[in-house]
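# Structural features, examined
These are the residues of each chain, in order.
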Amino acid sequence: MFSGPTMDHTYNTLFETFQVNGEDLKFYNCRNLSPEKYDRLPYSIRVLLESAVRNCDEFHVTKKDVETILDWNDIQLKETEISFKPSRVILQDFTGVPAVVDFAAMRDAVKRLGGDPMKVNPICPADLVVDHSIQVDFSGRSTMASESTRKGSDSLKKNQDLEFERNKERFKFLKWGASTLRNMIIVPPGSGIVHQVNLEYLARVVFTKDGVCFPDSVVGTDSHTTMINGLGIVGWGVGGIEAEAVMLGQTISMVLPQVIGYKISGKIGPYATSTDIVLTITKHLRSVGVVGKFVEFFGPGVEELSVADRATISNMCPEYGATVGFFALDRIGVDYLRQTNRDPERIAVIEAYLKAAGLFRNYSNDCEDPVYSQVVELDLETVVSSVSGPKRPQDRVPVNKMKGDFAECLTNKVGFKGFGLPSDKLNTQVPFIYDNKEYVLRHGSTVIAAITSCTNTSNPSVMLGAGLLAKKAVEAGLSVNPYVKTSLSPGSGVVTYYLEESGVVPALNQLGFGIVGYGCMTCIGNSGPLPDVIVEAIEKGDLVCCSVLSGNRNFEGRVHPNTRANYLASPLLVVAYALAGRVDIDFKTEPLGYNPEGKPIFLADIWPLRSEIQEVERKHVIPAMFQEVYEKIQKGNHQWNSLEVVESDLYPWEASSTYIQRPPFFDDMTKEIPPVKPIVNAKVLLMLGDSVTTDHISPAGSISRTSPAARFLQLKGVVPRDFNSYGARRGNDAIMTRGTFANVRLVNKLVSNPGPKTLHIPSGKVMDVFDAAEAYKADNIPLIVIAGKDYGCGSSRDWAAKGPHLLGIKAVIAESYERIHRSNLIGMGIVPLQFLDGQTAASLGLTGKESYAINLGDNIQPRQTVSVIVDSGKTFDAILRFDTDVEIAFYRNGGILKYMLRKMLD
């Protein structure tokens with residue numbers, strides 16, 4: 001990372017001094033390059049410009065990069081490549097383990113090839129937050145209504161103890177990494193969700209190094225890294241592979257983006273929440289089309305939004321498709337830094353530097369508005385209470401239309417808004433006995449209700465709103481059916497603190513929303529098991545039962561295999577739909593339930609107004625809470641501190657481990673770069689449609705007992721109750737390869753039914769995807785995947801590229817790609833090809849049963865057209881989606897990690 005100016009630095013003439021609290025500090029005043037051009041730049045682009053100026057060394061970052069960014073207004077539409085060096089990297093638990101595994105494996109490889117293994121260390125600062133994901137084995141109903149959740153509820157303790165026992169091996173490995181990898185902060189388990197910890201604690205906003213100030217900017221190994229955009233920090237998700245390269249000092253090669261200006265005006269209505277705003281924005285921007293672009297929010301309405309509200313909007317950036325959703329820092333942001341107990345002297349430096357550098361914003365002053373590629377607008381007064389689903393985050397449904405929309409979804413043909421049920425099955429009801437009482441499940445029944453996810457649990461307004469709603473519901477005599485799996489998993493201990501101080505915890509506990517853990521839980525698929533009688537009833541009636549969660553992802557098969565309909569909602573609506581016991585309800589005309597006297601209780605009777613929520617927030621969300629929680633965060637808990645690890649520069653791999661194994665990525669690597677060769681006689685492993693997510697490719701949830709991964713674990717002596725999740729076992733390539741394309745909802749056109757199966761074309765047999773890949777590998781047959789639009793959308797997941805690489809997949813041909821996943825494919829040496837505009841597999845008459853040859857050679861160029869020859873006699877052209885020369889260099893080396901490793905051997 002930057003270590004201060006040198007006498008021959010290209011831009012040392014821009015160096016200026018400013019004073020804060022009697023201390024002289026310096027910065028690069030980029031406005032002096034050209035005041036006229038600088039003042040027209042979007043604020044997010046100004047951050048890219050400052051990084052280019054400061055890091056310009058005519059090697060990683062060049063003067064041309066600086067000039068290109070400064071001329072953004074003229075160049076933005078030309079897809080011009082630039083280099084960007086972020087200030088830091090943030091990793092979460094699930095992707096942190098593979099990163100540390102790769103660093104350990106690279107040390108072994110460097111030593112084998114005659115280099116110094118201790119060169120393998122992070123150069124760019126890295127923050128790793130452990131315990132990103134916990135399974136909800138014990139629901140919020142295990143918490144007694146009178147329990148102090150800050151001291152630790154029964155459910156919380158049971159889940160955390162079980163999680164620690166399951167993952168002790170993984171945690172020991174990470175603790176080894178903390179002891180040997182320099183320039184890395186590791187936050188121990190039990191602290192919360194990475195994005196909320198980043199927002200409340202880790203975010204620097206402004207760095208000061210060697211007396212020089214510069215903006216905090218970050219890339220992270222989770223697509224929701226964008227949450228930090230709400231605090232004026234440019235940051236986005238990248239693949240774990242790309243993040244590892246940044247940690248090793250590599251710049252990010254990117255196309256200078258267009259910036260969509262999103263103008264916000266008006267005031268939020270009394271019944272609307274920040275969740276409703278973000279679901280509205282998500283659907284709006286999806287229709288605008290912002291993939292690969294920056295979105296920057298401006299306008300007087302921004303001042304109606306707290307930093308928590310802004311962070312909620314920024315968090316959902318991957319769902320509306322942009323690279324960032326940026327809010328420049330303003331006075332409200334500075335107030336947030338005070339509220340979260342940041343050092344007053346640092347706050348003074350932050351404010352003074354950002355104002356001096358032209359990076360501080362007054363949203364009420366339209367004279368500060370820059371020029372944008374396009375401007376779209378939202379009047380906050382038009383936002384209504386909403387949910388999104390049943391299968392995608394962008395499919396917003398106003399709550400007042402939810403009953404009708406769900407009914408239509410039941411009979412619509414199978415798709416994002418349809419389940420294809422015949423009319424004679426619409427009224428199916430299945431009675432069952434639970435706790436010695438009979439209940440009935442039907443289509444639309446709520447079986448999971450989870451207040452969860454980084455999107456909402458960092459926002460006091462919606463969390464306190466849910467608490468106040470719960471309190472009024474209890475006072476009105478309402479309850480939640482006991483079979484509904486309810487849970488509350490805050491993003492940090494601060495949430496627990498203010499919920500308790502505000503007096504809403506007993507009511508939340510009484511309704512079943514007790515604290516079950518601090519981490520990413522239901523939203524990532526760690527919802528845990530449903531009672532057997534519930535599963536049996538759902539399967540018996542082939543029911544479309546539902547989960548309602550305050551999350552950001554609701555793709556098929558993600559939340560739970562038995563909830564076919566999954567709806568994103570505010571924490572308040574999660575409580576409401578839990579009380580109702582179903583999603584097909586008209587809250588205006590139908591009661592949530594009845595009090596003991598038989599009086600109907602409607603949602604409007606117990607819904608807290610925004611002004612009521614804000615008054616409670618002002619009273620109870622105070623700096624002392626953040627101080628108490630975060631002053632001890634790096635000390636860890638007793639379990640973490642009692643872990644004993646071997647002190648060694650090289651990791652002592654254990655052959656018997658089912659969690660941590662050295663991956664084979666570098667086993668066949670030589671010092672010399674191999675030539676690029678055509679792909680010949682390739683078979684199609686999978687023939688896929690649109691919106692195939694990284695959850696389809698590499699699920700993070702539970703391991704099915706009938707899967708290849710389960711068979712492998714059982715051969716290793718692991719019993720099913722200890723299988724854990726794919727996410728927890730990302731440090732073991734043998735399991736993750738077997739888990740590739742293992743999603744039960746995967747639709748592969750080569751087979752008739754959804755699931756993790758494919759057709760092995762030479763034999764004509766249908767088999768597990770892994771087993772088919774192994775059969776092809778035994779015959780030295782390379783593999784490809786054919787897909788539709790938005791291939792690889794969803795979470796940034798490096799194993800969604802590592803797994804296909806280890807299956808033997810050499811190329812993917814798709815109609816379009818999600819940005820991070822395309823980068824990850826290249827990072828693992830897989831060729832991303834794109835059909836020409838207007839062409840698809842169907843229009844070309846491809847069946848997926850042919851053999852394919854892809855004409856590649858040593859002279860490949862960015863975005864060139866290549867020929868694909870099919871043995872059926874067809875030939876078609878496709879675009880080679882290596883967008884930059886750097887990406888071609890990565891591919892030539894066999895991927896980004898081999899590229900970086902060879903650099904260490906120079």
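Counting of residues starts from 1 at the beginning of each chain's written sequence and follows it residue by residue. Since the coordinates come from a predicted model, pLDDT governs what is reported: local features require at least 70, and pairs of side-chain atoms require 80 or more to be given and counted, while whole-chain, interface and lining totals use all residues. Excluded from the side-chain calculation are hydrogens and water; included are all heavy atoms of the structure.

If you look the protein up in an unreviewed UniProt entry, it shows as Cytoplasmic aconitate hydratase from Artemia franciscana. UniProt positions are given in the numbering used here, feature names are shortened, and annotations may be inferred rather than shown by experiment. The protein has a UniProt comment under Sequence similarities (unreviewed entry) that states "Belongs to the aconitase/IPM isomerase family."

Moving on: the overall build of the protein. Scanning the protein from N- to C-terminus turns up 32 helices and 34 strands. Both definitions apply: the radius of gyration is a C-alpha atom measure, and the globule rule equals 2.2 Å times residues to the power 0.38. A compact globule built from 906 residues would reach a C-alpha radius of gyration of about 29 Å, and the protein, at 27 Å, matches this within 12%. Oriented by its inertia axes, the alpha-carbon framework of the protein measures out at about 80 × 75 × 55 Å. Think of it in three bands: residues with accessible area under 20% of the maximum for their type are buried, residues over 50% are exposed, and the middle band is partly exposed, with areas taken using a 1.4 Å probe on protein chains only. Classification of the 906 residues of the protein by burial places 64% in the buried group. Here the open area of atoms and residues is found with the Shrake-Rupley method and a 1.4 Å probe, where only the protein chains shown may cover a residue. Here the protein has roughly 31700 Å² of accessible surface; of this, 48% comes from carbon and sulfur atoms. The positive charge centre, built from 95 side chains, and the negative charge centre, built from 103, are 3 Å apart in the protein. Where helices and strands are cited, they refer to DSSP runs of H or I of at least four residues and of E of at least two residues respectively, numbered from the N terminus. Positive residues here are Lys and Arg, negative ones are Asp and Glu, while His and the chain termini are left out of the count. One atom stands in for each charge, and that atom is NZ of Lys, CZ of Arg, CG of Asp or CD of Glu.

Moving on to the nonpolar core. Definition of nonpolar core: a set of buried residues of the types Ala, Val, Leu, Ile, Met, Phe, Trp, Tyr and Cys, connected through side-chain atoms within 4.5 Å. Within the largest apolar cluster, 312 residues are counted, with the highest numbers of intra-cluster contacts made by Phe-741 and Tyr-791. In terms of residues, this core owes the most to one element, helix α5 (residues 93-112), which gives 11 residues.

Once that is clear, we can look at the sheet that holds strand β14 (residues 324-326). The strands making up a sheet associate through hydrogen bonds between their backbones, and the pairing can be parallel or antiparallel. One open sheet accounts for four strands, arranged β14-β13-β12-β15; its pairing is parallel. Two strands close off the open sheet at either side, each with one partner strand: β14 and β15 (374-379). Within this sheet the neighbouring strands show an average axis-to-axis angle of 20 degrees, counted without direction. Any two strands with at least two DSSP-identified bridges between them are counted as paired. Here strand β13 (residues 294-298) runs beside β14; their pairing, made up of three bridges, is parallel. From the neighbouring strand, Phe-294 faces β14, where its bridge partner is Val-324. Axis definition: a line fitted to C-alpha atoms, over the contacting stretch in the case of helices. Angles run 0 to 180 degrees between N-to-C directions.

Within the secondary structure, Arg-310 is located in helix α10 (residues 307-315). The exposure class assigned to Arg-310 is buried, which follows from its relative accessible area of 1%. Here Arg-310 is in contact with Gly-230, Val-302, Glu-303, Leu-305, Phe-327, Ala-328, Asp-330, Ile-332 and Tyr-363, once residues within four sequence places are set aside. Throughout, a residue-residue contact means that at least one pair of heavy atoms, one from each residue, lies within 4.5 Å.

On the surface, Glu-23, Asp-24, Asp-343 and Glu-345 cluster together into a negatively charged patch. Relative to the elements of secondary structure, Glu-345 occurs in helix α13 (residues 344-356). Patch building starts from residues that exceed 30% relative accessible area and form no salt bridge, then joins like charges within 9 Å and nonpolar side chains (Val, Leu, Ile, Met, Phe, Trp, Tyr) within 5 Å. Any Lys or Arg side-chain nitrogen found within 4 Å of a carboxyl oxygen on Asp or Glu counts as a salt bridge.

What you see with strand β33 (residues 865-870) is a clean split: Val-866, Val-868 and Val-870 sit on the buried side and Thr-865, Ser-867 and Ile-869 on the side with no burial. The pairing of strand β32 (residues 851-854) with β33 spans three bridges and is classified as antiparallel. Looking across to β33, one finds that Tyr-852 is bridged to Val-870. Where β33 and strand β34 (residues 875-880) come together, five bridges link them in antiparallel fashion. If you follow Val-866 over to β34, its bridge partner there is Ala-878. Between the end of β33 and the start of β34, which pair antiparallel, lie four residues, with Gly-873 showing a positive phi angle near 105 degrees.

With that settled, consider the UniProt feature "domain: Aconitase A/isopropylmalate dehydratase small subunit swivel" (unreviewed entry) in the protein. Following the UniProt record, one finds the feature "domain: Aconitase A/isopropylmalate dehydratase small subunit swivel" (unreviewed entry) at residues 710-836. Secondary structure across residues 710-836 divides into 31% helix and 18% strand, with the first and last C-alpha atoms of the span separated by 40 Å.

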